Amino acid sequence: MSTARLILLLAAVGAITYLFRYSMIGIFANRNLPVWLRDLCRYIAPASFAALTASALFVQGGQVVAALDAPKPWAALVAVMVAWRTGNVFATIGVGMASLYLLKLVL
Amino acid sequence: MTQTTSSKWLEFLAGCRDEAPLQLGVVPFGMLYSIGALAAGMPAWLVQLSSALVFAGSAQLAIAQMLAASAGALPIALTAGLLNLRHVLYSASVADYVRHLPRRWRLLLAYLLTDEAYAVAILRYQRDDAARAAAGDDGGPPPRPNLRHWYFFGCGFTLWACWQLSTAAGLLFGARIPLEWDIDFAVPLTFLALLTLLIRESASQAAALAAAIGALLFAGLPHNLGLVAAILLGLVVGFTSAKGRRATP
């Protein structure tokens, strides 16, 4: 792809992304969200991050990849426990990475 | 006047502080993007520029991967667009909280509405809501002065700055990071850490579980539609589970 075409592509993706991010803020600039939409909104964050996490851990190129002897899901499990107990993002990522390195030595 | 100015900065700094730990996951993400984009043949200056233009990690990574596979412009734009479709939901989710702001603020905060900034800002807003509900407040306009948009701005700004710097760092040092370090693993760990903060009540847990299962069930859908489908499934399950519990006390 030529550089000019690439710039156009990136600008287009940037514009689409910005429109998405502004869309609902713009549409509901002067009125309240309908009640059902506001109720749904409460679950947007948990659902989005669960889907992002699950696909980052178990999906590769459109295929579900899960193996019991793969270190990453187990390291993620350790990280979840730390996250749940401490609520500390720093500790979660630190312990998760450390667990991955340890598990790679063992598994 | 001086009082409000310093409160604004306190809010801004609190946002920066709460966003900071997440940068452990953002930095590798940004560096991975640079490495991938360079490998796909993108000029370095354009790699850096794209991080400001697009400012969306997963879409940028997808663009780099598809360029490397010599995909056409239209499929790439479609995939990146669909990957970012979830931002429409984020936009709906913050709409009520930013409505009272001047337009320039809404335009700015929309630009900064990324996964990690959204998660931290929405946690703050929802915590405030919960605290006010517990205090018997009916949910009318919040007490003045309301400076929470400065907190949101602090989150967004921290992430933005870090994203630009980590893109640059990837351009400079990316080639020297050994694959065995698995720095890419920091990305799902960040999402995990955010997720656990977000699911403290049972309807949210149901939503998260359904969305996670959905992400695996719908993984095969074309054009990355699986992610959006999974999130929508999570929304419906969370919504109905909350309804069901209200109906049977």
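Here the structure is a predicted model, which is why all the values come from computation and not from measurement.

Engineer: Sorry, what's going on with the domain arrangement of chain B here?
Structural biologist: Accessible area lost on assembly of the parts is the figure often given for the size of an interface. Residue and element names in this part refer to chain B. Assigned domains of chain B: these are domain 1 (2-183) and domain 2 (199-249). One C-alpha centre belongs to domain 1, the other to domain 2; they are set 23 Å apart. Overall, the association of domain 1 and domain 2 removes approximately 630 Å² of surface from exposure, summing both partners, and the carbon and sulfur fraction of that is 81%. Summed over the shared surface of domain 1 and domain 2, the result is zero salt bridges. Breaking the side of domain 1 that touches domain 2 down by element, the ones donating at least two residues are α5 (73-83) and α6 (86-98). By residue number, the principal contributor to the side of domain 1 that touches domain 2 is α5, which donates three residues. Here the residues of the side of domain 1 that touches domain 2 are counted per class, giving four nonpolar, one polar and one charged.

Engineer: Just checking my understanding: could you explain the packing of aromatic side chains for this structure?
Structural biologist: Each aromatic ring pair is characterised by the separation of its centres together with the angle its planes make. Here the structure, examined in full by the defined rule, presents 15 aromatic pairs over all chains. With a centroid separation of 5.3 Å and 80 degrees between ring planes, the pair formed by Trp9 of chain B and Phe12 of chain B is classed as edge-to-face. A residue pair is termed a helical-turn pair when its members lie 3 or 4 positions apart in one helix, as Trp9 of chain B and Phe12 of chain B do in helix α1 (residues 2-19) at three residues. According to the relative accessible area criterion, Trp9 of chain B is partly exposed, its value standing at 46%. Taking the centre distance of 5.3 Å and the plane angle of 45 degrees together, the rings of Phe12 of chain B and Phe153 of chain B count as tilted. Within this pair, whereas Phe12 of chain B is found in helix α1, its partner Phe153 of chain B is found in helix α9 (residues 148-173), the two being separated by 141 residues in sequence. The same class applies to Phe12 of chain B as to Phe153 of chain B, namely buried. Residue placement shows Arg124 of chain B over the ring face of Tyr151 of chain B; its charged tip is 4.8 Å from the ring centre. Above the ring of Trp84 of chain A, the side-chain terminus of Arg200 of chain B is found at 4.5 Å from the ring centroid.

Each value, and the rule that gives it
Residues numbered from 1 in each chain as written. Chains lettered and ligands numbered in written order. Predicted model: local features only at pLDDT ≥ 70, side-chain atom pairs only at ≥ 80, totals over all residues. Heavy atoms only, no water. Domains from an automatic or database assignment. Buried area = accessible area lost by both parts, 1.4 Å probe. Salt bridge = Lys/Arg side-chain N within 4 Å of Asp/Glu carboxyl O. Helix = DSSP H or I, 4+ residues; strand = E, 2+ residues; numbered from the N terminus. Nonpolar A, V, L, I, M, F, W, Y, C, P; charged D, E, K, R; others polar. Phe/Tyr/Trp six-rings, centres within 6.5 Å; stacked < 30°, edge-to-face > 60°. Buried < 20%, exposed > 50% of the residue type's maximum accessible area, 1.4 Å probe, protein only. Lys NZ or Arg CZ within 6 Å of the ring centre and 35° of its normal.

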